[in-house]
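Secondary and tertiary structure notes
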Amino acid sequence: MSDITLVDRHEPLWKRLPVVVQLRRSTGWQRAMLIVGVVICALYLLVAVFAPLIAPYGFGDQQGADGVNFPRTGAPSAEHIWGTTVGGLDVFSRVVYGARTAVLVVIVAVVVSIAIGVVLGMVSGYIGGWLDRVLVVVADAIYAFPSLLLAIVVSIVVSGGRSTYWGGITAAAISITVVYIPQYFRVVRAEAVRLKNDAFVESARVIGTNPWRIMTRHVLRNSTRSLPLILTLNASDAVLTLAGLGFLGFGIGPTQGAEWGYDLSRALSDVASGVWWTGVFPGIAIVLLVLGVTFIGESLNDISDPRLRARRRLKQLVSTRDKATNAEGAAA
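Predicted, not measured: the structure shown is a model, and the values here were computed from it.

**Things to note about the overall build of the protein chain**
Broken down by element type, the protein chain carries 13 helices and 0 strands. For the protein chain, the residues scored as buried account for 41% of the 332 residues in total. Sequence-distant contacts in the protein chain: of pairs separated by 6 or more residues, those separated by 24 or more amount to 72%. Of the roughly 17,600 Å² of accessible surface on the protein chain, 67% is carried by carbon and sulfur atoms.

**Considering the side chain of Asp-270**
In this fold, Asp-270 is placed in helix H11 (residues 260-271). Although Asp-270 is buried, it forms no salt bridge, and the closest oppositely charged side chain is Arg-266 at an N-O distance of 7.5 Å. When sequence neighbours within four positions are dropped, the list of residues in contact with Asp-270 reads Val-86, Val-275 and Thr-278.

**A look at the packing of aromatic side chains**
A complete count under the given rule lists 7 aromatic pairs for this structure. Where Trp-276 meets Trp-277, the ring centres are 5.6 Å apart and the plane angle is 85°; that geometry is what we call edge-to-face. The class of Trp-276 is partly exposed, set by a relative accessible area of 46%. Judged by its relative accessible area of 8%, Trp-277 falls in the buried class.

**So, the environment of Val-290**
Following the sequence through the fold, Val-290 ends up in helix H12 (residues 277-303). Considered as a pair, Val-290 and Leu-240 are 50 residues apart in the sequence and their alpha carbons are 7.7 Å apart. Setting aside its immediate chain neighbours within four residues, Val-290 contacts Ser-236, Val-239 and Leu-240.

**Considerations on the pattern of salt bridges**
Evaluated as defined, the whole model comprises 4 salt bridges. In this structure, the salt-bridge partner of Asp-263 is Arg-94, at a minimum N-O distance of 2.8 Å. Here the residue Asp-263 occupies a position in helix H11, and Arg-94 occupies one in helix H4 (residues 91-127), the gap between them amounting to 169 residues. Exposure class is identical for Asp-263 and Arg-94. Each is buried. For Asp-140, the salt bridge goes to Arg-186, with nearest N and O atoms at 3.0 Å. Of this pair, Asp-140 sits in helix H5 (residues 129-144) while Arg-186 sits in helix H7 (residues 165-195), and the two are 46 residues apart along the sequence.

**Considerations on a nonpolar patch on the surface**
On the surface, a nonpolar cluster with roughly 1,000 Å² of combined accessible area is contributed by Ile-35, Val-39, Leu-43, Leu-45, Leu-46, Val-49, Phe-50, Leu-53, Ile-54, Ile-107 and Val-111. Put simply, the parts of the chain that give the nonpolar patch at least two residues each are helix H2 (28-49), helix H3 (51-54) and H4. Looking at the element boundaries, Leu-43 is found in helix H2.

**A closer look at the nonpolar core**
With 52 residues, the main nonpolar core has Tyr-44, Ile-176, Tyr-184, Val-219, Trp-260 and Leu-289 as its most contacted residues. Where this core is concerned, the elements lending two or more residues are H2, H4, helix H6 (147-159), H7, helix H8 (199-206), helix H9 (211-222), helix H10 (227-247) and H12. Setting aside residues no more than four positions away along its own chain, Leu-289 makes contact with Tyr-44, Ala-102, Val-239 and Trp-260. Listed in part, the 6 residues of the second largest apolar core include Ala-51, Ala-55, Val-96 and Tyr-97.

**Overview of the packing of H10 against H11**
The geometry of H10 relative to H11 is characterised by a closest axis approach of 6 Å and an angle of 45° between their N-to-C directions. On the basis of their axis angle, the class for H10 and H11 is oblique. Considering only the axes of H10 and H11, their crossing is right-handed. Along its contact with H10, which presents Ala-243, Gly-246 and Phe-247, the element H11 presents Gly-261, Tyr-262, Leu-264, Ser-265 and Leu-268. Of the residues in the contact of H10 with H11, the class split is 5 nonpolar, 3 polar and no charged.

**Quick look at the confidence of the model for the protein chain**
The predicted structure's coordinates, where accompanied by low pLDDT, should not be read in detail. With 78% of its residues at a pLDDT of 70 or more, the protein chain shows a mean pLDDT of 78. Here helix H13 (residues 306-331) stands out as the least confident element of the protein chain, with mean pLDDT 60; H3 is the most confident, with 91. Taken as a whole, residues 1-7 scores under 50 in pLDDT and shows 12 contacts with residues more than four places along the chain or in a different chain.

**A word on the environment of Pro-71**
Its place among the elements puts Pro-71 in the loop between H3 and H4. Sequence separation of Pro-71 and Asp-90 is 19 residues, and the distance between their C-alpha atoms is 9.4 Å. Not counting residues up to four positions away in its chain, the partners in contact with Pro-71 are His-80, Thr-84, Thr-85 and Gly-88.

**Brief notes about the environment of Pro-56**
In this structure, Pro-56 sits in the loop between H3 and H4. For the pair Pro-56 and Glu-79, spaced 23 residues apart in sequence, the C-alpha separation works out to 9.2 Å. The contact partners of Pro-56, leaving out residues within four places of it in the chain, are Asp-90, Phe-92 and Ser-93.

**So, unusual backbone geometry**
The backbone of Thr-73 shows a phi angle near 50°, a positive value even though the residue is not glycine. Its location among the elements puts Thr-73 in the loop between H3 and H4.

Criteria and cut-off values
Residues numbered from 1 in each chain as written. Predicted model: local features only at pLDDT ≥ 70, side-chain atom pairs only at ≥ 80, totals over all residues. Heavy atoms only, no water. Helix = DSSP H or I, 4+ residues; strand = E, 2+ residues; numbered from the N terminus. Buried < 20%, exposed > 50% of the residue type's maximum accessible area, 1.4 Å probe, protein only. Contact = heavy atoms within 4.5 Å. Areas by Shrake-Rupley, 256 points an atom, 1.4 Å probe, with all protein chains shown as cover. Lys, Arg positive; Asp, Glu negative; His and termini not counted. Salt bridge = Lys/Arg side-chain N within 4 Å of Asp/Glu carboxyl O. Phe/Tyr/Trp six-rings, centres within 6.5 Å; stacked < 30°, edge-to-face > 60°. Patch = residues over 30% accessible without salt bridge, like charges linked within 9 Å, V, L, I, M, F, W, Y side chains within 5 Å. Core = buried A, V, L, I, M, F, W, Y, C linked by side-chain atoms within 4.5 Å. Axes fitted to C-alpha atoms, helices over the stretch in contact; angles between N-to-C directions. Parallel < 35°, antiparallel > 145°, perpendicular 65-115°, else oblique. Left-handed = near helix turned anticlockwise from the far one by under 90°. Nonpolar A, V, L, I, M, F, W, Y, C, P; charged D, E, K, R; others polar. pLDDT = per-residue confidence, 0-100.

Pasting the structure below:
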């Protein structure tokens, strides 16, 4: 029995949406983790979209509408609920706008790396030959570098280590993209090598189907089933890589945008003075976002486990049998 049979095509459309389908397939802790992860990520997405409405001040504002400068390293108060930094910036506003930066970088990096990695892996695995050997060598060479070190090098090459807001987002996204392309390339290539000799691909080749149509219609459709899991795991790692770039000073300029890693690096000198709020809140923001994405990835991994699917099918069969037994008893 395939997983498709678990979803009734006559059910309402909202019950057949990807996240809803996964929630219905999950059980126990897997469902709890998936719900918590989805809620956390949805909250961050809402904060990123409505950052100008949520933040009381701009990410670079050092004074209010009355023209009075904010206090430096001011403790949390009614006016600044999470305090201010040594530069007189509102911590809450910086964290809120930092969510927008993180979400934008993660979305751009993951989407671009999937697009490039899937296409290269599909072409390499299906065509083979010298092209396959060259791409495998290049992917292995890139994969051998430490991810953060490679991201730093790419960031320096792209933007000199510092740039405008959109330039910094582009540089950070490209840095992360280069790191993750080999992972998607490897997964899709392995599946393409396996699928290109299957009967349905051979049949399409015999009747004269265009190779590109075979790759996109048959090979691609059956070689991307594990990508959602890799996507979620890479998204959480992308948040940490972006924070690492900002912490080391290779991220977005402080006057161009808010970035949690940069704020953490500036907060190191405040710890000795007993100023804890400038580092705690950006750190919590990073941890919660990574935790939410990781929960989604781990739950998807468990849901894709054949043993979990077997338990769910058994539960459905037992429930169906019990209903039939009760109906027979009521009829008798």
